[in-house]
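Listed below, chain by chain, are the residues.
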Amino acid sequence: MHTPAHGGSDPTVPQPHTKVFQPHTTVPRQQSPGRIGPYEVFQLLGEGGMGQVFLARSPGSRLVALKVIRPEYAEMPNFRGRFRREADAARRVSGFYTPPVLDADADAQQPWLATAYIPAPSLHDVIRRFGSLPEPALRALGTGLAEALLAIHSAGIVHRDLKPGNVLVAEDGPRVIDFGISRAADATQVTRTDAVIGTPGFMAPEQIVSSREAGPASDVFSLGCVLVFAATGQGPFGAGNTAEILYRAVHAPPRLDGVPDGLRPLVAACLDKDPARRPPSTSVLAASGPTEPSALLTSGLRDDLAAREAHAAVLVAAPPMPMTSPTTADPSRPSRRRFMWITAVGGTATVAAGAAVMARRRSDPGRTPGRGGSAGTTVRPRAKAPAGPEPQWSSPLRRVENGQLRLLGSTLVHWDRQAAIAYDTRTGKERWAAKARIPSDASSGPDWLTVRGSTLFGTAWAGERGYLLGVDAKGDLKFTHMVTEQKDTNSYADQVQDVLCVAGSVAVVSTNGKQGSVCAVDLAEGSVLWSRTVNGSDFQAISDGRHCFLQDNGNVHRIELRSGEVHWTVRDVIKPGTYPSLATDGNVLLVTHVKVRALSTSDGRDLWTAVSETTNLSPTTVHGKRAYVADGQSTVFALDLRHGGQLWHTPSPLTLNPAGALDPGPSATEPLVALSLFGADTPGFIVLRASDGKPLWAHQASGAEAKSKKSWSVQTSGTTVYAASDTTLYAFRSPTP
């Protein structure tokens, strides 16, 4: 979806958002509504081809950019389903140079999506106001854009509309916005009109000819166009009407006059007409760096950013808006929004006061998170965590993007979609790098998906067939099974998206085609035991060993693993599109979103509900007869699985962000509970005592690792904690007093 950037007007061509396909109706400009979903709306930031973008505030006082889809898109056949799937994929993007997707509702009258608000101008506005960028700044820009594309592509998304209006220039580097969602409109429209969505002057030739051919290489082409614009003030294919610009992009060489000599070969390679000859994002990243984000900042831009930060601080600290319609306000009196704009401009004293209010609200040691029930041990809020022990060993990690860490027997596997590397748990030494041979007809892969049980799973795709791969703890290929195949000559085979759960020799796998589906695969025989279409994009599955529990579009089904027979269904367990997580001990099934709801695995009846919040909880981890979960206020809970009572809850002394962490919930053993810390202020992890929630110790990064904006990944085994930063793998032996 297009936005005119959080901070200003859009892009690089005369039209507000030029698309090869234009919506058939014009939606009049509307005033900012009072509320959209749970969000309090402050002002309209801008409009684009797919809808409007508002600055809003969450119930937890977090500013968001709220993107509301135009009615004509929402009314199109299949749009809502595609929007759900694309929003689900966008949630998995967690790079530093991409604002996180926080929430979405595909079922609202006008579907909407919320991302973290970045108080920064667009690159388009920066160039227009402050002039073109010198080589050091261009390299900093290229590094940030390449790293953003790595994160986006690792989640299986192609941006499709990378341009100066979709790049924000913040104090600590660029941010790429609006990834993934435009594909929902593109796919919907292409099937009807054979049109292509994109911005002339920044679209790759293959995207212009057929948007179905747009892949990661298309985004690299757009990256090259953005760098040319930043260096020269115009795109590489000049100005003029849409048809002329599109023709030059397909047939004419780019104009690189004004691009610094040191960057011209890289930019020219990105703009190669043949996508196969363009460098991957990893090569662009290597060729651009090393850089300093501060190279992008001029004195004028620093002043602009400071003013935006001041305005944001006032909005965060403002009193809640009354729950009334904005149309009922007395028109003769100043509006609340106008008051806040005046306050933001009026001087630093008011801004400082607003910031002080928020600081007191967040750090008040007597503040207790709002929740039902107070049974169990309570550790005093914000108790200080001691420093951790010295690591038993540390080992450098090969670079992967948003890498996840799991135990695979006596091996630790660190992986992303492109690479999977195994390390010895005793020494930290690298044991192997996964290099599974893919079938001869495969055109992509292997893409590494997840570790389940004793297997690292991957996938490959051949157009007519989709494959599931399995690698064991020694790095040897265990199997290659064809899971999907072409249904007719006019379609491609569905692609394997994820392995949802594994029990014995059966894996439940999700696939992505015109409509998503899940299927059960016999890993010994390679046969597909059963398959069923899913109704929403937010489906999950987990197994108790004999059955698969599938959450699909708000309904939960118990399915026999080998036969596919549905034993029971509980409807409306959760609102569709809320992306819950599942956990089970075999007797209790936990469905977690803003609360933890327990169902009986035998018959689906309600057992209990606990930890009711207004924002998303972390996924729940079950160990023994306990469940561990963390909330958005950095509080960790231990629940008794028998009745849902709180055994303890502990406000973490260091900031947690469960929604942004890479780990699927806390990592727990009998003595320990470990959670990663997400955010630039406290990268690292914290360890709690499982018996009562006491903070035992924390490891916070230092030196170069402290600059990381990404969460660490942690795994526990007995009293050992394994932790991975962006660069280093550690093993710690934890004391448990």
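Along each chain, residue indices are assigned from 1 in the same order as the chain's sequence is written. Note on the predicted model: pLDDT of at least 70 is required for a residue's local features to be given, and 80 or more for side-chain atom pairs to be given and counted; whole-chain, interface and lining totals, by contrast, use all residues. Side-chain metrics in this entry use all non-hydrogen atoms of the structure; hydrogen atoms and water are not considered.

An unreviewed UniProt entry annotates the chain as PQQ-binding-like beta-propeller repeat protein originating from Streptomyces endocoffeicus.

### What about the UniProt feature "binding site: ATP" (unreviewed entry) in the chain?
Mapped onto this structure's residue numbering, the UniProt feature "binding site: ATP" (unreviewed entry) falls at Lys67. Numbering of helices and strands runs from the N terminus, with a helix taken as a DSSP run of H or I at least four residues long and a strand as a DSSP run of E at least two residues long. Inspection of the secondary structure assignment puts lysine 67 in strand β4 (residues 63-69). UniProt positions are given in the numbering used here, feature names are shortened, and annotations may be inferred rather than shown by experiment.

### Details of the sheet that holds strand β15 (residues 444-452)
One requirement defines pairing of two strands: DSSP has to find at least two bridges between them. In spatial order, the strands read β15-β16-β17-β18; together these four strands make up an open sheet with antiparallel pairing. Across the chains shown, the open sheet's two edge strands, defined by having one partner strand only, are β15 and β18 (477-485). When strand polarity is set aside, the average angle formed by the axes of neighbouring strands in this sheet is 25°. Bridge count between β15 and strand β16 (residues 455-461): six bridges; the pairing is antiparallel. Bridge pairing links valine 451 to leucine 456 in β16. For helices, the fitted axis covers only the stretch in contact; all axes are lines through C-alpha atoms, and the angles between them, taken along N-to-C directions, range from 0 to 180 degrees.

### Observations concerning the packing of aromatic side chains
Any pair of Phe, Tyr and Trp rings, taking the six-membered ring for Trp, is counted once the centres come within 6.5 Å. Such a pair is stacked with planes under 30 degrees apart, edge-to-face with planes over 60 apart, and tilted for the rest. Tallied over the full model, the rule gives 16 aromatic pairs. Summarising the aromatic geometry, the rings of phenylalanine 549 and tryptophan 568 are spaced 6.1 Å apart at their centres and angled 40° between planes, so their arrangement reads as tilted. Taken together, the positions of phenylalanine 549 in strand β24 (residues 547-552) and tryptophan 568 in strand β26 (residues 566-570) put the pair 19 residues apart, joining distant regions of the chain. Taking relative accessible area as the criterion, tryptophan 568 reaches 9% and is therefore assigned buried. A ring pair is formed by tryptophan 697 and phenylalanine 732, whose centres lie 5.5 Å apart and whose planes are at 50°; its orientation type is tilted. Here tryptophan 697 is found in strand β38 (residues 695-700), whereas its partner phenylalanine 732 is found in strand β41 (residues 728-733), with 35 residues between them in sequence. In this structure tryptophan 697 comes out as buried when scored by relative accessible area, which is 2%. Only protein chains enter the accessibility calculation, which uses a 1.4 Å probe. A residue is then buried if its area is under 20% of the maximum for its type, exposed if over 50%, and partly exposed in between.

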